[in-house]
Structure formats: structure tokens, C-alpha cells
Amino acid sequence: TWHLKKIPQIVRERTFSLDSPKFEAKTKLELNSVCGIECQRKLPVPSLSDLKDLLSYETVFENGTRTLTEVNVLGAVLDPAGNTTTRRASRKKRQIYGTDSRFSIYDKRFMTNFPFNTAVKVSTGCSGILISPKHVLTAAHCLHNGKDYVKGSKRLRVGLMKTKSRGNGRKRKGTSDGMPSFQWTRVKSTHIPKGWFKGVSGDIALDYDYAVLELKRPHKRKYMELGISPTIKMMPGSMIHFSGFDNDRSGQLVYRFCSISDESNDLFYQYCDAEPGSTGSGIYLRLKEPNKKKWKRKIIAVYSGHQWVDINGEQQDYNVAVRITPLKYAQICFWIHGNDENCTKG
């Protein structure tokens, strides 16, 4: 069963205007030399003042203006155990490892229905997931490289799947009902936590590699709810799932599932086969509740992508996801609703 947790409160304190960004950074779908599992174990637990700083956030608006909002954090429980992880053997390259276990979704009956219809394409080359009638969750590095916003993020758009028939309405032999095309919607504003800007230059690693996009117009599709990320031992169903638009399968929605191999307080390390382009996908759990026929699904992490890290002077790689902790749940929920009244339980 899902375990409900009491959520800390994120309270807006002050908002400042900042200079408009240059929007000149290059989009980078793979990050090098970031903090890996061994590095994560050595990180100190953030203090309350650290959390206030890390969870403060930048908002960029459609016209290119930018603000910084400082927040206070109420009711946070700081974990004295730090970034403990389960020790496992070091892994080999795991972008696609052995048999490719990904599934391309062709049938429009699946593509345009829940849960696959919640996957979206971000115009900078990443994926994302619908989390409200007007909001999309994705990875921060799809929009910002730690120094500046990437090219194209000033006129950011989100592609929602629709299907188109191939040919003159006739189905070609051996083909599916349709290939996905996209209905593109402009983004009104973008929220990125301040922890991401610190993480690229400091030692916070990928812990804050997430962002929320507010769409200019609401969509009328079913979206996926957020949930608090459980530990590996407490994970319902034991498998994670996500769908995105991998670069090596152009024009296809790609679905995969796998188990998680390792974790820190803020990150999952997993063996799901994935290629660039699926970065920013929402990772979800599914659970069949007692006496109910339908599956219940909740997003518990954001796929940050394939990452190279230095471990004992050697380069190793991982497929990493940012966990939705109670604090991150509170922040994302606050960005969606503009208050914390709807964000007390997760």
C-alpha cells in the first residue's frame, strides 16, 4: 500500500527581480564529472538554512524576465543518517546493456490513453510528464546548464502527443494505427530550484535536477499524480516505469520498466535501458490496491539521464533519477497550486 507522509511546508518569503538571462547555453543531454554514489555517501546532511537556500527558486517568464523567490521551510525532518546507500558492486556501462528491454508504443489506443498520454516532448530535446492541467515536470539540465539557460528555452514549448495516419488514411501493411505527432503549447513560466545552480558548481550533485513548466493554456488530458519516493525496501510492486522520446527511436514513444539497484537520500541508481531524449521523463510506480481492479500510479522520481562520474580517478556511468522527497514534493506542489493548503499529505 501507499504510505502517506506528512509534508513540510514551503512558504514564500520574498521575490526579487533578476537580470534577464542570455539564453546562450548549449543543450547537454549527458552530464560529466558529477557526484556519484561514493561521493554522495560523503555529503553532509543539509541544515535548515541550507534547505531554505537550496529550495529557493528562479522563475523565468515567457517574455524573458526572471525572478528569484526566497522561501522558508517549516516542519522539515532532517535525517541524521545522511546520504546512506546500499553498497553494491560497481556497474558497467548501462545506457543500453545486453538485450535492449525498451518497448516502442505504436498503437494509438495506448499512445493517446493514460498513462502513456502523460508523456510529453520538451522543445530543447528532452521529455517530461503532465502533473496538473497546466504543469509539466522535467529535468533542470534540459533548460539550464548551471551558468545560463539553454538556447531555445526563451521560447520554450511542450509537445503533447496526438496521432496521425500514414498515407491517405489507409493503413500500410505491417504498420501500426499511427505515428505520434505533437500539438505544441507555449510555456508561460519555468521554475528551477536554486539547489540546481549550486549543484553544478559545487558538490550537491544531481539532487536538484528537476524543473516545473507552466503551460500557457491548460490541456484536457488526464495527468499523473505526484507521490513521495519510498526506499527500495518499501517500494510497492518493486518496479519503476517511465516513457519518453529516446533519440535513437525518432518519432516513437518508448516505454521501459526495471528495478532500482541503489539509492541515496535524493537519488535512485537504476538499470533501465534509456538513451538521450528520454531525460526528464517522470518515473512512476504502479500498485493494484486491494479490492480494486484499476492500477494506481504515482510519479516518484524524475529521470536525470545517463551520467558520467569520477570514482577513484576512473570514469564510470550510471542511469540516475532524482527522487521526490517530502521537501521536493512540497516545493513542486507549491509551484502547482501557489499555496501549501493542497500539499499537506503526500
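In the nomenclature of an unreviewed UniProt entry, the chain corresponds to Inactive serine protease 35 from the organism Scytalopus superciliaris. The chain has a UniProt comment under Sequence similarities (unreviewed entry) that states "Belongs to the peptidase S1 family."

**Regarding the overall build of the chain**
Within the chain, the secondary structure is distributed over five helices and 18 strands. Sequence separation of at least 24 residues holds for 75% of the intrachain contacts in the chain that already meet a minimum separation of 6. For the chain, the accessible surface area stands at approximately 16400 Å², while carbon and sulfur atoms represent 48% of it.

**Quick notes on a nonpolar patch on the surface**
Together, Val45, Leu48 and Leu78 make up a nonpolar patch on the protein surface, roughly 210 Å² of accessible area in all. In this structure, Leu48 sits in helix α2 (residues 48-55).

**A short note on the pattern of salt bridges**
If you walk through the whole model with that rule in mind, you get 10 salt bridges. Between Asp53 and Lys194 there is a salt bridge, with the nearest N and O atoms lying 2.8 Å from each other. A residue pair is termed long-range when its members are at least 10 positions apart, and Asp53 in helix α2 and Lys194 in helix α4 (residues 194-201) qualify at 141 residues. Residue classification places Asp53 among the partly exposed residues on the basis of a relative accessible area of 26%. Classification of Lys194 by relative accessible area gives partly exposed; the value is 23%. The closest approach of N and O atoms between Glu58 and Arg66, which form a salt bridge, is 3.3 Å. In terms of burial, Glu58 and Arg66 fall into one category: buried. Taken together, the salt bridges that share partners define one network made up of Glu62, Arg186 and Lys216.

**Overview of the nonpolar core**
Counting residues in each nonpolar core, the largest one holds 70 residues, and the members touching the most others are Ile131, Leu137, Tyr210, Leu226 and Ile332. A total of eight residues in this core trace back to one element, the largest contributor, which is helix α5 (residues 326-337). Aside from chain neighbours lying at most four places away, what touches Leu226 is Ile131, Leu137, Lys298, Ile299, Ile324, Tyr329, Ile332 and Ile336. Among the nonpolar cores identified, the runner-up in size contains 14 residues, and Cys258, Phe268, Ala301 and Tyr303 belong to it.

**Some remarks on the side chain of His141**
One can find His141 in the loop between β7 (135-138) and β8 (157-164). Engagement of the side chain of His141 in a polar contact is seen with the side chain of Asp209, the distance being 2.7 Å. Non-local contacts of His141, meaning those with residues more than four positions away in its chain, are made with Lys28, Leu29, Leu31, Trp196, Asp209, Thr279, Ser304 and Gln307.

**Let's talk about the state of the cysteines**
By the definition in use, this model includes two disulfides. Paired by a disulfide, Cys126 and Cys142 hold their sulfur atoms 2.1 Å apart. Between Cys126 and Cys142, the S-S torsion sits near -95 degrees, and that sign places the bridge as left-handed. Of this pair, Cys126 sits in the loop between β5 (119-122) and β6 (127-130) while Cys142 sits in the loop between β7 and β8, placing them 16 residues apart in sequence.

**Examining α2**
Of the positions making up α2, those classed as buried are Leu51, Leu54 and Leu55. End-on view of α2: buried residues confined to an arc of 85 degrees, all on one side of the axis.

**Side note on the environment of Thr118**
Tracing the backbone shows Thr118 in the loop between α3 (108-111) and β5. With relative accessibility at 2%, the residue Thr118 sits in the buried group. For the pair Thr118 and Ser281, spaced 163 residues apart in sequence, the C-alpha to C-alpha distance is 9.8 Å. In contact with Thr118, not counting residues within four places along its chain, are Gly128, Ile129, Leu130, Lys222, Tyr223 and Met224. Of the polar contacts made by the side chain of Thr118, one reaches the backbone oxygen of Pro115; its length is 2.6 Å.

The rules behind the values
Residues numbered from 1 in each chain as written. Predicted model: local features only at pLDDT ≥ 70, side-chain atom pairs only at ≥ 80, totals over all residues. Heavy atoms only, no water. UniProt positions renumbered as here; feature names shortened; annotations may be inferred. Helix = DSSP H or I, 4+ residues; strand = E, 2+ residues; numbered from the N terminus. Contact = heavy atoms within 4.5 Å. Areas by Shrake-Rupley, 256 points an atom, 1.4 Å probe, with all protein chains shown as cover. Patch = residues over 30% accessible without salt bridge, like charges linked within 9 Å, V, L, I, M, F, W, Y side chains within 5 Å. Salt bridge = Lys/Arg side-chain N within 4 Å of Asp/Glu carboxyl O. Buried < 20%, exposed > 50% of the residue type's maximum accessible area, 1.4 Å probe, protein only. Core = buried A, V, L, I, M, F, W, Y, C linked by side-chain atoms within 4.5 Å. Polar contact = N/O pair within 3.5 Å; in protein donor to acceptor, adjacent residues only side chain to side chain. Disulfide = S-S within 2.5 Å. Arc of directions from axis to C-beta.

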